[in-house]
Amino acid sequence: MAKRPSNYRFSFGPWNISAGADPFGPVVRKEVPFAKKIAEYRKLGFTYVQLHDDDVVPADWDATQTARGVAKVQKLLESEGLKGEFIAPRLWEDRRTIDGGYTANSASDRRYAKNRTRRAVDIANMMGIDLMVIWPAREGTYIREAKDAQLATGRLVEAINDILEHDDKIRVVGEMKPNEPMDHAYCPSVGHFMGLAYRTADPTRTGVLIESAHSILAGFDPADDMAYALWHEKLWGVHLNDQNGLKYDQDKTFGSVDLRRAFNQVWVLERGGYADIGVVGLDVKAMRTTKQTDQTAHLANSKRIFDHLVALARSLDEKKVEAFRENRDYEGLDLYIVEHLLATK
Ligand code: 3MF
Ligand code: MG
């Protein structure tokens, strides 16, 4: 099979090289300093860095410290030939966001969430990044009576508007996930957020980032979610990974659970021209059993599997696919796809 070099750009976040902690036990690998993680990107074929605000500078630094700290990180990225892909305010790890940020019942906690988000936009600006990711981790409840869901919907729109109005170039993408850490998240799916996007102050700057595992956890096929967002011209980010069934968010190596589901995502991205629209993020975690020496294997492997699937999508005979569709021969199409993935006939 002819393997064309992929024209995609790839990213991951510093959190994707991890110490392997889980809620039930201690860390199993040594924590890697930020600069050492950054030094891994190019070696692995990645050129974009996903960043939380506090991956760049601590959240409690004042304006002068922040400007200095951001410049230092920017210099580090440039020295490695890297760019920041997006900034995401890490709103879920502060004492003031225990009950959520934008939808918290406490007015002062909501104020904190908005101020911190504006500061994250400023950090993005300083780094020449025009994309903000909102993963509304704690915007939801453990019991439905805890908050007013109708009010919460409006508060989410207000929070997005606050970003759009703070800066007239920034684009905002919602990264929706139905649960974890919350029992029930508000706005649990791509479709839900898309509905809100059209009600914001600037729908042309509001879109989505789709993570494979998040769609799967919501009961949807990530490829369909991606196609839906592409039609709306609102797919500005993806976090590819894999997931075994409905349990915690596993962030497994892309394609390692369901190869055909992964192929379908790549096929949709190919047909939608995504390579020219956005960066391919791989939000994958190493297995807890992974040794320190292999701590980036899941990233290299995910990219490699993606590249293989791009080659398979490109070598698919579209005319054959069309003929199967015309004849309503979906049994034949099914076999064609499976044998194509098996590289056999
Ligand atoms: C959680 C996630 C997050 C987001 C990140 C950037 C920690 O399930 O996927 O990873 O991707 O916050 O928005
Ligand atoms: Mg993610």
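A brief look at the structure comes next. (Residues numbered from 1 in each chain as written. Chains lettered and ligands numbered in written order. Predicted model: local features only at pLDDT ≥ 70, side-chain atom pairs only at ≥ 80, totals over all residues. Heavy atoms only, no water.)

1. Things to note about the overall build of the chain
For step 1, the next point in the chain: A tally of helices and strands in the chain yields 13 helices and 10 strands.
For step 2, the next point in the chain: Taken over the C-alpha trace, the chain has a radius of gyration of 20 Å; the compact-globule value for 345 residues is 20 Å, and the two agree within 12%.
For step 3, the next point in the chain: Its C-alpha atoms give the chain principal-axis dimensions of about 65 × 45 × 40 Å.
For step 4, the next point in the chain: Among the 345 residues that make up the chain, the fraction classed as buried is 52%. (Helix = DSSP H or I, 4+ residues; strand = E, 2+ residues; numbered from the N terminus. Rg over C-alpha atoms; globule rule 2.2 N^0.38 Å. Buried < 20%, exposed > 50% of the residue type's maximum accessible area, 1.4 Å probe, protein only.)

2. A few points about the pairing of strand E4 (residues 131-134)
For step 1, the next point in the chain: Of the two faces of E4, the one lined by Leu-131 and Val-133 and the one lined by Met-132 and Ile-134 are each fully buried.
For step 2, the next point in the chain: Pairing geometry for E4 and strand E6 (residues 171-174), over four bridges, is parallel. Among the inter-strand pairings, Met-132 is bridged to a residue of E6, identified as Val-172. (Pairing = 2+ DSSP bridges.)

3. Observations concerning the layout of surface pockets
Once rolled over the atoms, a probe with the size of a water molecule shows which space is left empty.
For step 1, the next point in the chain: In this structure, the largest pocket occupies an estimated 1,600 Å³ of space.
For step 2, the next point in the chain: Taken together, 46 residues form the lining of the largest pocket, with Ala-21, Asp-249, Gln-250, Asp-251 and Lys-285 sitting closest to its centre.
For step 3, the next point in the chain: Those elements that place two or more of their residues in the lining of the largest pocket are strand E3 (83-88) and helix H11 (297-315).
For step 4, the next point in the chain: The dominant element in the lining of the largest pocket, judged by the number of residues it contributes, is H11, at three residues.
For step 5, the next point in the chain: Here the residues of the lining of the largest pocket are counted per class, giving 16 nonpolar, 12 polar and 18 charged. (1 Å grid on protein atoms, 1.4 Å probe; cavity = no way out; pocket = protein on both sides within 12 Å on 5 of 7 lines; lining within 4 Å. Points joined across faces, edges and corners; volume = space filled by probe spheres on them. Nonpolar A, V, L, I, M, F, W, Y, C, P; charged D, E, K, R; others polar.)

4. Points about the coordination of the magnesium ion (ligand 2)
For step 1, the next point in the chain: Protein-derived coordination of the magnesium ion (ligand 2) comes from Glu-175 (OE), Glu-211 (OE), His-239 (ND1) and Asp-283 (OD), at a distance range of 2.0 to 2.3 Å.
For step 2, the next point in the chain: Geometry at the magnesium ion (ligand 2) is octahedral, judged from the six donor atoms that bind it and their angles of 78 to 170° at the metal. (Donors = N, O, S within 2.8 Å, 3.2 Å for Na, K, Ca; no water. Tetrahedral: all angles 85-135°; square planar, octahedral: opposite > 155°, others 65-115°.)

5. Looking at the site of ligand 1
For step 1, the next point in the chain: Taken together, the neighbourhood of ligand 1 is formed by 14 residues, with His-52, Glu-175, Lys-177, Glu-211 and Asp-249 sitting nearest.
For step 2, the next point in the chain: Out of a free accessible area of 350 Å², ligand 1 has 91% covered by protein chains.
For step 3, the next point in the chain: A per-class count over the shell around ligand 1 returns six nonpolar, three polar and five charged. (Near = heavy atom within 4 Å. Areas by Shrake-Rupley, 256 points an atom, 1.4 Å probe, with all protein chains shown as cover.)

6. Notes on helix H6 (residues 149-166)
For step 1, the next point in the chain: Between its first and last C-alpha, H6 extends 26 Å over 18 residues, near the 26 Å set by a 1.5 Å rise per residue.
For step 2, the next point in the chain: When we look at burial in H6, the residues that qualify are Ala-152, Arg-155, Leu-156, Val-157, Ala-159, Ile-160, Asn-161, Asp-162, Ile-163 and Leu-164.
For step 3, the next point in the chain: Looking at the buried residues of H6, the elements they touch are helix H5 (107-126), E4, E6, helix H7 (190-197) and strand E8 (206-211).
For step 4, the next point in the chain: Two or three places before Gln-150, at the start of H6, stands the capping residue Asp-148, its side-chain oxygen 2.9 Å from that residue's backbone nitrogen. (Expected span 1.5 Å × (residues − 1). Contact = heavy atoms within 4.5 Å. Polar contact = N/O pair within 3.5 Å; in protein donor to acceptor, adjacent residues only side chain to side chain.)

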